[in-house]
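Listed here are the chains, written in short residue letters.
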Amino acid sequence: MEFFRIKRDIPFMSWGKYTTTISLLTFVVAVFFLVTKGLNLGVDFTGGTVMEVTYTHPAETTRIRDTLVKMGMPDASVQNFGTARDVLIRLPAKPEMSSAKLSETVIAALRQDDEAAELRRVEFVGPQVGKELVENGALALLLVSLGIVAYLAVRFEWKFGVAGIIANLHDVVIILGFFAFFQWEFSLTVLAAILAILGYSVNESVVIFDRIRENFRKMRKATVNTVIDNAITRTMSRTIITHGSTQMVVISMFLFGGEPLHNFALALTIGILFGIYSSVLVASPILMLLGVSRKDIVRPEKKEEVQALP
Amino acid sequence: MNRYPSWKYLIIAVSILLGLVYTLPNFYGESPAVQISPLRTAPKADTVLLQRIEDALKKANLPVDGMFLEAGGVKVRFADTDTQIKARDTLQSLLGNGYMVALNLLSNSPHWLTSIGALPMYLGLDLRGGVHFLLQVDMRGALSKALDRYSADIRGSLREKKISYAGLDKQGSQITVKFRNTESRAQGKAEINKTYADLDLREENVGAEFYLIANIKQEAQVRIQSSAVQQNITTLRNRVNELGVAEPIIQQAGVDRVVVQLPGVQDTAKAKDILGRTATLEVRMVDEGRDLEAALRGQVPFGSELYNERGGGPVLVKKQVVLTGDRITDAQPGFDNNSQPAVHIDLDSNGARIFKQLTHDNVGKRMAILLIEKNQAEVITAPVIREEIGGGRVQISGRMTTEEARDVALLLRAGALAAPMDIIEERTVGPSLGADNISRGFNSTLYGFLGIAVFMTVYYLVFGFISVTALGVNLLLLVGLLSILQATLTLPGMAAIALTLGMAIDANVLINERVRDELREGLSPQAAINAGYERAFGTILDSNITTLIAGIALFAFGSGPVKGFAVVLCLGIATSMFSAVMVSRGIVNLVYGSRRKLERISIGQIWKPTTDKR
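Residues numbered from 1 in each chain as written. Chains lettered and ligands numbered in written order. Predicted model: local features only at pLDDT ≥ 70, side-chain atom pairs only at ≥ 80, totals over all residues. Heavy atoms only, no water.

K.L.:
What is the right way to look at the overall build of chain B in this model?
P.N.:
Each helix and strand counted, chain B has 17 helices and 22 strands in total. Against the 2.2 N^0.38 benchmark of 25 Å for 614 residues, chain B shows a C-alpha radius of gyration of 34 Å, more extended than a compact globule. For chain B, the spread of C-alpha atoms along the principal axes amounts to about 110 × 75 × 40 Å. When burial is assessed residue by residue, chain B has 52% of its 614 residues classed as buried. For chain B, long-range pairs separated by at least 24 residues make up 71% of all intrachain contacts whose partners lie at least 6 apart in sequence. (Helix = DSSP H or I, 4+ residues; strand = E, 2+ residues; numbered from the N terminus. Rg over C-alpha atoms; globule rule 2.2 N^0.38 Å. Buried < 20%, exposed > 50% of the residue type's maximum accessible area, 1.4 Å probe, protein only. Contact = heavy atoms within 4.5 Å.)

K.L.:
Is there a simple way to explain the interface of chain A and chain B in this structure?
P.N.:
Quite often, the size of an interface is put as the accessible area lost when its parts meet. Chain A puts 75 residues into the contact, and the matching count from chain B is 72 residues. In total, chain A and chain B occlude about 6,300 Å² of area from one another, counting both sides; carbon and sulfur atoms represent 61% of this. Between the two partners, chain A and chain B, sit 11 salt bridges. Linking Arg234 of chain A and Asp517 of chain B is a salt bridge whose minimum nitrogen-to-oxygen distance equals 3.3 Å. Linking chain A to chain B there are 24 residue pairs in polar contact (both at pLDDT 80 or more). Those elements that provide at least two residues to the side of chain A that touches chain B are α4 (99–113), β5 (118–125), α5 (127–155), α7 (188–218), α8 (224–256) and α9 (258–289) of chain A. It is α7 of chain A that provides the largest number of residues to the side of chain A that touches chain B, a total of 15 residues. Looking at side-chain class alone, the side of chain A that touches chain B contains 37 nonpolar, 16 polar and 22 charged residues. Strand direction decides the pairing type here: β5 of chain A and strand β21 (residues 421–429) of chain B, joined by 5 bridges, are antiparallel. (Buried area = accessible area lost by both parts, 1.4 Å probe. Salt bridge = Lys/Arg side-chain N within 4 Å of Asp/Glu carboxyl O. Polar contact = N/O pair within 3.5 Å; in protein donor to acceptor, adjacent residues only side chain to side chain. Nonpolar A, V, L, I, M, F, W, Y, C, P; charged D, E, K, R; others polar. Pairing = 2+ DSSP bridges.)

K.L.:
Where do I start with the sheet that holds strand β2 (residues 66–70) of chain B in this structure?
P.N.:
In a beta sheet, neighbouring strands are held together by backbone hydrogen bonds and run either parallel or antiparallel to one another. All names here are of chain B. On the basis of which strands lie adjacent, the open sheet formed by 4 strands has the order β2-β3-β1-β4 and antiparallel pairing. Strands with a single pairing partner mark the edges of an open sheet, and in this sheet they are β2 and β4 (99–107). Across the sheet, the mean angle from the axis of one strand to that of its neighbour is 25 degrees, orientation sign disregarded. Here strand β1 (residues 30–38) pairs with β4 via 9 bridges, running antiparallel. (Axes fitted to C-alpha atoms, helices over the stretch in contact; angles between N-to-C directions.)

K.L.:
Even after reading the chapter, I still don't get the sheet that holds strand β6 (residues 130–137) of chain B, so can you show me in this structure?
P.N.:
With respect to topology, 8 strands assemble into an open sheet ordered β3(A)-β4(A)-β2(A)-β5(A)-β21(B)-β6(B)-β12(B)-β11(B), the strand pairing being antiparallel. Strands with a single pairing partner mark the edges of an open sheet, and in this sheet they are β3 (77–81) of chain A together with β11 (249–253) of chain B. On average, adjacent strands in this sheet sit at an angle of 20 degrees to one another, irrespective of strand direction. Judged from the 5 bridges that link them, β11 of chain B and strand β12 (residues 257–263) of chain B form a sheet pairing that is antiparallel. For Ile249 of chain B, the partnering residue across the bridge sits in β12 of chain B and is Gln261 of chain B. Where helix α3 (residues 61–70) of chain A meets the sheet, it contacts β3 and β4 (83–91) of chain A, and its direction lies at approximately 155 degrees from that of β3 of chain A.

K.L.:
Whenever I open this one, a nonpolar patch on the surface confuses me. Can you help?
P.N.:
A cluster of nonpolar side chains, contributed by Ile251, Leu255 and Phe256 of chain A together with Phe442, Leu446, Tyr447 and Leu450 of chain B, occupies part of the molecular surface with about 660 Å² of accessible area. Listed by contribution, the elements that provide at least two residues to the nonpolar patch are α8 of chain A together with α14 (431–485) of chain B. Considering the arrangement of structural elements, one finds Leu255 of chain A in helix α8. (Patch = residues over 30% accessible without salt bridge, like charges linked within 9 Å, V, L, I, M, F, W, Y side chains within 5 Å. Areas by Shrake-Rupley, 256 points an atom, 1.4 Å probe, with all protein chains shown as cover.)

K.L.:
So what exactly am I meant to see when it comes to the pattern of salt bridges here?
P.N.:
Oppositely charged side chains can form a pair if their charged atoms are brought close together. Within the structure shown, the criterion is met by 33 salt bridges over all chains. Notably, a salt bridge pairs Arg223 of chain B with Asp198 of chain B, separated by 2.5 Å at the nearest N-O pair. Taken as a pair, Arg223 of chain B in helix α9 (residues 218–243) and Asp198 of chain B in the loop between α8 (182–195) and β9 (199–206) lie far apart in primary sequence, 25 residues in all. Among the charged side chains, a network of salt bridges with common partners joins Asp44, Glu52, Arg120, Arg121 and Glu123 of chain A together with Glu425, Arg427 and Asp436 of chain B.

Here it is as structure tokens:
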């Protein structure tokens, strides 16, 4: 079987103007939603209590809500999730009440109201823990970015590092934009997914960069444009197949992984889609914008010749 | 060109074999078991205990699947949870309070596997159910307690040396001692300097008053805080033992935090209650005037109780409690004046006063120090009072080895928390949710793998099949490695297994596409295989290292589940590079390498752009 019958190199680079505009637009839109709507941070970050309660029959959320209001918790959120029998209760952190005891009081009250209530999961996170997580998450993001730039700069050239990281941070911002727009819950696992994507998506750019480097050595007379176009075209089939298979696993996770892996899979999906786009249509134009040339790559050979002279 | 030396095949064979052996325990599953471990007061676990347990279970008609003696206890395996629970009740009533009888799960893998250290993966709480607490030690509380202790001590010292002072105040993080004149201040300063090396002293004059301000030195603060955390951990460990939890985890996390994980515990209310409870210590007088023989026969005199002394005989102790453990502020092992092992105890000011009175009134008599835990009392030591002891510093010595001294000090400290603690994070996962999570993670990996397998074989034919085999090896090695390292597997960790599978195929796709490329360029099949693998390697290396950087950063800054995800991601990258490069090449070499005349290889259709070639 053969999916990709590409006769000529696809002129990706001549579309540079359009793709950069599109990227800039999506980026600005993502930032806009991030600023106006903000992320719907999960309890991991904000602190508070989340309880998962399951019933043997479809749960009556209004009744549960009434019980909570009667207990003096009008700001609790009650919602179904997964099946009609499962209920998720969120209680914001309360400074005046020992939150660790909160879950017990709540489940006791729910049991009194309805014997069938079974506690499946409780998560209580203190506000200081959440704050640290935000800091550590940001620090991890920064370190990953720096590490990748440094590695690419050493293995290739600094221009590759810069192009790669801009493309990938662009992915990250867009994923965050999606989470802000749809107000999907941003949890610790989603953060893990985003950092994984950062590594994964750079992976993508690296494969193309690798080809560009190789082409610079092989296609001595071609223009930079042709070199990059050829590199992207030749790796196209690999790009699609690899992403296809990763996406296959992610879909499997989305379908069979249940609620806990739902948003994780969602973040990965967006990351994969934009990963392809950004490595082809963002990283490479930026590389050209930075004025990459054959000299950046082939330089070391010349030096050796000089040194070889007596 | 495409042959591997035999040592390379040997490496592949050995790693696959190791992967198989260490993955194996995960398939045997676990069976219900009961774990019996003696508490401090009971004799150590030995064959006698083993025999007793066996007899008891036989008598109760409970079939046993196997039992064995381990360091620190006995484990008995059962066929089902019903028998397990019955057995626990039987054993608990037989053995009494001296033993902790806990429900446990034991791996079903055969003995030879366990003996070479092949254990199933360690499942996180989100997969097996249980409670997780993150507790924060109040460091200010620890320091404030220490400051209280110092104030009382300084007061005592000054009084003892008859140095007059006008007042003593604890304010924030410092102690202010007021003096009426500079001479007494100089005296006081010299005395405090001599006795308390951990204090920094500063003189200050306000109006006609002469102040001496004492601060705890920085290094002493650090020491106080870290020993507070250590003591709290010890205390928590003692308390958790009461819950009868098998394999609890109690660890320091960061400078001032403690993680407590109780697998399988459902009753969080009880867990919290016990974590907050105090074991107590009591000082009472030994009732020496009474007839010990009669008491041993069962006629314990009114107002007294019969206890066993640690490492000694029975003693009669008065019921009246003179001093409780609340008064103890610290206990450290050390040596007495005769270089004999001893335990130094610090009492707070009230305790010191009571103790001084007690020892003053009872010179020549014996006093008993009792530890009460789980409603069981034990006399730790019952020394003779030789002289009046003032100043709140007590020394217990005699009939002790250094190790015992350390133990006693630990026990004395173990009763109470050194500093208050707050639960700042709590996660409870029900057992049914844990089982659900396992099947979810497993299913997503399985279906993802199947999807990839089908596609790869259809698209790349034999080469695709080889890739899938390499992918299978990758999975095997990853699970084997996780089992060997006993890293905690969590749900995000399972997600990472699935994700690395998807990503691992990238290396294979790179190779296969490269081989196709080379064939398209017109290379002979053998040359194309060689060139394909060689050229793809650099790319695979570069792309995987960038992902590895992300994984390492995740590991460094993540906590809990994220860390679990990162571990699997990093290991997965390592195994996938090995399997994609070494294993798949090995198989390709086996299949094609030895054929001298290779006309075509089965890697799917190679389409060549015939018209309009650039």
